[in-house]
Amino acid sequence: FPFDKKTVVFVLGGPGSGKGTNSERLVGDFGFVHLSAGDLLRAEQKREVSQYGALIAHYIREGLIVPHEITIGLLRNAMMDRKECDRFLIDGFPRNVEQAKAFEETVCRAQKVLYFECPETVLLERLLNRGKTSGRSDDNIESIKKRFNTYVNDSKPVIEAYEKEGKVITISCQDSVDAVYEKTRKSVEQFLP
Ligand code: UP5
Ligand code: MG
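Residues numbered from 1 in each chain as written. Chains lettered and ligands numbered in written order. Predicted model: local features only at pLDDT ≥ 70, side-chain atom pairs only at ≥ 80, totals over all residues. Heavy atoms only, no water.

This next bit is on the site of ligand 1. The local shell around ligand 1 holds 33 residues, among which T21, L64, R95, R130 and R147 are the closest. Within the contact set of ligand 1, an oxygen atom lies 3.0 Å away from a backbone nitrogen or oxygen of G18. Within the backbone of G20, a nitrogen or oxygen atom sits 2.9 Å from an oxygen atom of ligand 1. In isolation ligand 1 exposes 1000 Å². Once the protein is present, 86% of that is buried. When residues in the shell around ligand 1 are grouped by element, the largest group, four residues, is from helix α2 (residues 37–46). Of the residues that constitute the shell around ligand 1, the class distribution is 13 nonpolar, eleven polar and nine charged. (Near = heavy atom within 4 Å. Polar contact = N/O pair within 3.5 Å; in protein donor to acceptor, adjacent residues only side chain to side chain. Areas by Shrake-Rupley, 256 points an atom, 1.4 Å probe, with all protein chains shown as cover. Helix = DSSP H or I, 4+ residues; strand = E, 2+ residues; numbered from the N terminus. Nonpolar A, V, L, I, M, F, W, Y, C, P; charged D, E, K, R; others polar.)

Before going further, it helps to examine the packing of aromatic side chains. Per the stated rule, a full pass over the model turns up six aromatic pairs. Consider the rings of F30 and F32, whose centres lie 6.4 Å apart with planes at 70°: the pair is edge-to-face. One exposure class covers both F30 and F32, and it is buried. Centroid distance F93 to F103: 5.2 Å. Interplanar angle 65°. Geometry classified as edge-to-face. In this pair, F93 is assigned in the loop between β3 (87–91) and α5 (97–106) and F103 in helix α5, connecting sequence segments ten residues apart. Per residue, the accessibility class of F93 equals that of F103, and both read buried. (Phe/Tyr/Trp six-rings, centres within 6.5 Å; stacked < 30°, edge-to-face > 60°. Buried < 20%, exposed > 50% of the residue type's maximum accessible area, 1.4 Å probe, protein only.)

As a further point, take the sheet that holds β3. Across the sheet, five strands lie side by side as β2-β3-β1-β4-β5; this open sheet has parallel pairing. Taken across any chain shown, the strands that pair with only one partner, and hence form the sheet edges, are β2 (33–36) and β5 (168–172). Averaged over all adjacent pairs, the angle separating strand axes in this sheet is 20°, with direction ignored. (Pairing = 2+ DSSP bridges. Axes fitted to C-alpha atoms, helices over the stretch in contact; angles between N-to-C directions.)

All right, on to helix α8 (residues 177–191) then. Every α-helical turn comprises 3.6 residues, leaving residues that sit three or four positions apart pointing alike. In this model α8 runs 22 Å from its N-terminal to its C-terminal C-alpha over 15 residues, within 8% of the 21 Å that 1.5 Å per residue would give. All of the buried residues in α8 are V180, Y181, T184, S187, V188 and F191. Around the axis of α8, the buried residues are gathered within 125° of arc, so they sit on the same side. In α8, the exposed positions that point more than 90 degrees away from the buried face belong to D178 and Q190. (Expected span 1.5 Å × (residues − 1). Arc of directions from axis to C-beta.)

For K156, the location among the structural elements is in helix α7 (residues 141–164). Residues K156 and E98, 58 residues apart in the sequence, show an inter-C-alpha distance of 13 Å. Every residue in contact with K156, bar those within four places of it in the chain, is listed here: Y115 and Y151. (Contact = heavy atoms within 4.5 Å.)

So this is what it looks like as structure tokens:
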């Protein structure tokens, strides 16, 4: 396990909860490598030679979880590309209990989980707003409802499981971008070696 000695943090929370926004700022302050599973899937989808393009496009638009072999392969490759780095933020993954188990068995365990907590009404507003300019195929009301469903049914249980392991740091993300990040920065500072 090449990553057992690294600091690996999962960044979880509902669609639009600020996983990407806060991860990017943590990169600047703490030198993390930021790997968004969703970004990696969207990049893979665009590669002309990819055999998974159509499959990924379908799963993302339907708010479903892409088979984990694909996502774990992309994450693992991206981590290997940066294997000299000591700190990794894995954003938007794992999204179900099976993925979590498979990643832990084949790549590594995470030391901590940052959980961005936010009511659905706030998330909906942020996502619809972002949808005006994002170009993301899933920032429309039909896809957003499906993403919320998958989050509640499949992804929440992952956070609950990590809560039992005492790994979760919960951050309410209803405040301004700066206020949420300040809470995030302080929490991360506490556990970094
Ligand atoms: N914003 C952020 N913070 C704010 C604040 N405090 N106040 C006001 N506005 C705030 O933020 C979302 C928007 O809100 C932005 O416009 C931001 O400016 C604003 P962002 O930081 O982008 O939130 P994030 O949580 O990253 O939202 P994202 O839409 O990326 O989350 P999802 O979890 O839905 O998307 P992801 O890219 O992770 O996954 C997309 C799809 O890929 C999934 O639905 C699934 O189909 C697939 N997928 C898999 O199959 N497997 C995986 O492992 C991962 C993804
Ligand atoms: Mg994101």
